[in-house]
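One-letter residues, chain by chain:
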Amino acid sequence: MSSSSDIRVRFAPSPTGYLHVGGARTALYAYLYAKKYNGTFILRVEDTDLERSTEESMRMQMQDLKWLGLDWQEGVDSETLKNVGEFGPYRQSQRQDIYQKYADDLLERQLAYYCFLSDEEIDQQKELAKKEGRPPHINSPYRDWPLQKALDYKKESSTQPVIRFKVPKENREYILNDLVRGQVKFQSEVVGDFVLIRSNGMPVYNFCCVIDDSLMKISHVFRAEEHLSNSLRQMMIYEAFNFERPQFGHLSIILGSDRQKLSKRHGATSVNDYNEQGFLPEAMNNFLALLGWSSPKAQEILSMKELVEQFDTDRLNSASAVFDETKLKWVNATHLRALDHKTLWEKLQPYFLKHNFDLPTDLEWQSLSLGLMKTSMETLADAVELFRPLSKGTFQLSEKAKEVLSWESTRPVIEKWVSLVKKCDKLTEEAFGEIQQTIKTECQVKGKNLFMPIRVAVIGQPHGAEVKLLVPLMEKSDLLERAQTALKSCP
RNA sequence: GUUCCCUUCGUCUAGUGGCCUAGGACAACGCCCUUUCACGGCGUAGACACGGGUUCGACUCCCGUAGGGAACGCCA
């Protein structure tokens, strides 16, 4: 179904690294809002920082977005990198001529000017302003030059100028009605003449953001809180062009456990990290959604569909939130266990492959074993240690298992176990029960002394899923081999 | 320094002036289930940053203070 509303929401990352979980949450909210109101979700790439932007980052971020299932209808195509949609191009680096046109317009209308100030001069000015207790704004001598004069000077001068916006001298109040923060007031005097176009011809964030959001008919802008103070400059630009302003929603920041802005030193912060650690995209979305938003039904576990249905801006929280990996794990575990066994098995394949596990291809076996193991899994990666004992040729005795093997009563139990297993045709749950009973009476052991040796002889660990359910999942030859290995470690 | 934003259990949050003796979830702890480990069930503990107002009444509105964050870039 194509979009039939005027709701157009964009996610506009800058490709200067991986997709951060904060960015992912912004994208999620934008996506949910678009979906909820049958609007269009747009991906625009803000790559005007030539030094830091890379195509590789752009591809990575798009992949992460795809992994999360946040598909866009308009924007840069993740495969071909081509522009899709009628408002393109969607990479800001390809829109330079557009920005230049709008800058020229401002120049002609005396609302902007060429500024030839050098870095040193600017530093001096700012220092002086600071010393005199004034706001650190620049005071450009080129501000009131007629355009022609500046153009002539530009031709003969060796320094390439920037284009600055002419912030009116008289103070004015700008009001922003923010979707999450309500009414926010700004005084125009807090900003000085800011750069619109860099000396290399590339526009600056605040400028292209306004032009693009306007030209692309964006109706709602969800972005991080750190952009809130940028809004003043942007409102000035909107005004200069007489553009209609979209609705803004400034989202709170995600914090680390020390209440500082989440960054690399907190550990995993990229969506891809979580992917590799075995988190499910639906769990990631669920958890991220709850970090700054709450379900009107007080639901904690929500599918993507439910998220779309229940999402709205009125339940967005303006306070910053700490990223709690423990809760993420719980959310992930819950989604994981809800998966049907066929799907879960498929998702586990890469992990098994990576560790060269030799596991049965029988579907019933797979389902049975998953049923047994999944209650102990929080992430997909947890399956590795859980299934290791079920894979052939990977038997290992843990330190705690060796403790069990050192017990006096252990050796006879395992020897009995070996002889009984040898005699048994089919190791069903019932057969196992009988074997256990026989050992109990013949070896005169019970409780821990009976149970643990068998467990260790089967999986090499004193803890894990129920042995009577585990044994039927294993081959007799393998079982015997394991028991022999265990016996070698018995005193 | 200036401006802006934020502040409810350890964490995520509910709360839009009386429904609050402040509810839920994760984590913690305890009990039950279980011859292990998990899962599951039940339960316990745990918060309105502080100080002033406004009001019959304030977690909720206003003003301060404190703390945290952001912006003041030719980064986004």
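Analysis parameters
- Residues numbered from 1 in each chain as written.
- Chains lettered and ligands numbered in written order.
- Predicted model: local features only at pLDDT ≥ 70, side-chain atom pairs only at ≥ 80, totals over all residues.
- Heavy atoms only, no water.
- Helix = DSSP H or I, 4+ residues; strand = E, 2+ residues; numbered from the N terminus.
- Rg over C-alpha atoms; globule rule 2.2 N^0.38 Å.
- Buried < 20%, exposed > 50% of the residue type's maximum accessible area, 1.4 Å probe, protein only.
- Contact = heavy atoms within 4.5 Å.
- Pairing = 2+ DSSP bridges.
- Domains from an automatic or database assignment.
- Salt bridge = Lys/Arg side-chain N within 4 Å of Asp/Glu carboxyl O.
- Near = heavy atom within 4 Å.
- Polar contact = N/O pair within 3.5 Å; in protein donor to acceptor, adjacent residues only side chain to side chain.
- Nonpolar A, V, L, I, M, F, W, Y, C, P; charged D, E, K, R; others polar.
- Expected span 1.5 Å × (residues − 1).
- Axes fitted to C-alpha atoms, helices over the stretch in contact; angles between N-to-C directions.
- Core = buried A, V, L, I, M, F, W, Y, C linked by side-chain atoms within 4.5 Å.
- Lys, Arg positive; Asp, Glu negative; His and termini not counted.
- pLDDT = per-residue confidence, 0-100.

Right, let's talk about the overall build of chain A for a bit. What chain A contains, in helices and strands, is 20 helices and 13 strands. In summary, chain A has a C-alpha radius of gyration of 32 Å against a globular reference of 23 Å for 491 residues, an excess of more than 25%. Considering only C-alpha atoms, chain A reaches an extent of 105 × 50 × 40 Å along its principal axes. The proportion of buried residues among the 491 residues of chain A is 50%. In chain A, once contacts between residues fewer than 6 apart in sequence are set aside, the share between residues at least 24 apart is 74%.

Right, let's get into the pairing of strand β8 (residues 182-187). Here six bridges tie strand β7 (residues 173-178) to β8, and the two strands are oriented antiparallel to one another. Residue pairing in the sheet places Ile175 in a bridge with Lys185 of β8. Taking the residues that link successive antiparallel strands as the turn, the β7-β8 hairpin has three residues.

You can read the domains of chain A as domain 1 (96-204), domain 2 (339-393) and domain 3 (399-488). On a C-alpha basis, the centroid separation for the pair domain 2 and domain 3 is 23 Å. Across the boundary between the two partners, domain 2 contributes ten residues, which contact ten residues of domain 3. Applying the counting criterion to the domain 2 and domain 3 interface returns one salt bridge. Residues Glu475 and Lys392 are paired through a salt bridge, measuring 3.3 Å at the closest nitrogen-oxygen approach.

Of note, Tyr18 is situated in the loop between β1 (8-11) and α1 (21-36). Here Tyr18 falls in the partly exposed class, since its relative accessible area comes to 28%. Expressed as a C-alpha distance, the spacing of Tyr18 and Gln484, which sit 466 residues apart in the sequence, is 49 Å. Apart from residues no more than four positions distant in its own chain, Tyr18 is found in contact with Met60, Gln61, Lys264, Thr269 and Ser270.

Moving on: the protein's contact with RNA strand B. For RNA strand B, the set of nearby residues contains 55 residues, the closest of which are Thr48, Lys126, Arg181, Arg198 and His463. The sugar-phosphate backbone supplies 74% of the atoms of RNA strand B found within 4 Å of the protein. One nitrogen or oxygen atom from the side chain of Gln260 is found 2.8 Å from a phosphate oxygen belonging to RNA strand B. Sorting the residues of the surface near RNA strand B by element identifies α4 (119-131), β8, α7 (230-241), β13 (321-322), α11 (325-338) and α18 (448-459) as the ones contributing at least two each. Per-element tally for the surface near RNA strand B: the top contributor is α11, with four residues. The residue makeup of the surface near RNA strand B, split by class, is 18 nonpolar, 17 polar and 20 charged.

A separate point is helix α16 (residues 410-423). For α16, which comprises 14 residues, the first-to-last C-alpha distance of 20 Å matches the rise-based estimate of 20 Å (1.5 Å per residue) to within 8%. Within α16, burial applies to Thr410, Val413, Ile414, Trp417, Val418, Leu420 and Val421. As for α16, its buried residues are in contact with α15 (399-405), α17 (429-443), α18 and α20 (476-488).

This part is about the sheet that holds strand β5 (residues 112-115). On the basis of which strands lie adjacent, the open sheet formed by three strands has the order β5-β6-β9 and antiparallel pairing. Among the strands making up the open sheet, the edge pair consists of β5 and β9 (195-197). The mean angle between the axes of side-by-side strands here comes to 45°, regardless of whether they run parallel or antiparallel. Summarising the sheet, strand β6 (residues 162-165) and β9 pair through two bridges and their orientation is antiparallel. Its bridge partner lying in β9, Arg164 is registered against Val195.

Of all hydrophobic cores here, the largest spans 157 residues; its most connected members are Leu196, Phe207, Phe323, Phe387 and Trp417. Among the elements that line this core, the one with the most residues is α1, at ten residues. In this structure, Phe207 is in contact with Tyr99, Tyr102, Ala103, Leu106, Leu196, Ile197, Ile237 and Phe241, ignoring residues within four places of it in sequence.

Relative to the assigned elements, Asp312 resides in the loop between α10 (304-310) and β13. Nearest to the buried, unbridged Asp312 among oppositely charged side chains is Lys36, at 4.3 Å. Within the local environment of Asp312, its side chain forms a polar contact with the side chain of Tyr37, the two groups lying 2.6 Å apart. Setting aside residues no more than four positions away along its own chain, Asp312 makes contact with Tyr33, Lys36, Tyr37 and Trp293.

So, about α18. Note on helix geometry: an α-helix contains 3.6 residues per turn, so any two residues three or four positions apart are oriented the same way. Compared with the 16 Å implied by 1.5 Å per residue over twelve residues, the 16 Å span of α18 between its first and last C-alpha is a close match. Judged by how many residues are buried, α18 sits mostly within the fold: nine of twelve residues are covered. Packing partners of the buried residues in α18 comprise α15, α16, α17, α19 (467-470) and α20. Trailing α18 by a residue or two, Gly460 shows a phi angle of about 75°, which is positive.

Confidence along chain A averages 92 in pLDDT terms, with 99% of residues attaining 70 or more. In the predicted complex, the global pTM is 0.93; the interface-specific ipTM is 0.94.

Counted under the stated rule, the structure contains 26 salt bridges. Between Arg143 and Asp193 there is a salt bridge, with its nearest N and O atoms 2.9 Å apart. Linking Arg143 in the loop between α4 and α5 (147-156) with Asp193 in the loop between β8 and β9, this pair joins segments that are 50 residues apart in sequence. When the shortest N-O distance is used, the salt bridge between Arg482 and Asp478 registers 3.2 Å. You can see Arg482 and its partner Asp478 sitting in helix α20, four residues apart, about one turn around the helix. Asp478 shares its class with Arg482; the two are buried. Members of the salt-bridge network, linked through shared partners, are Arg10, Arg44, Glu46, Arg95, Asp212 and Asp213.

Despite not being glycine, Gln110 shows a phi value in the positive range, around 60°. Although it is not a glycine, Asn242 adopts a positive phi angle of roughly 60°. In this structure, Asn242 sits in the loop between α7 and β11 (247-251).

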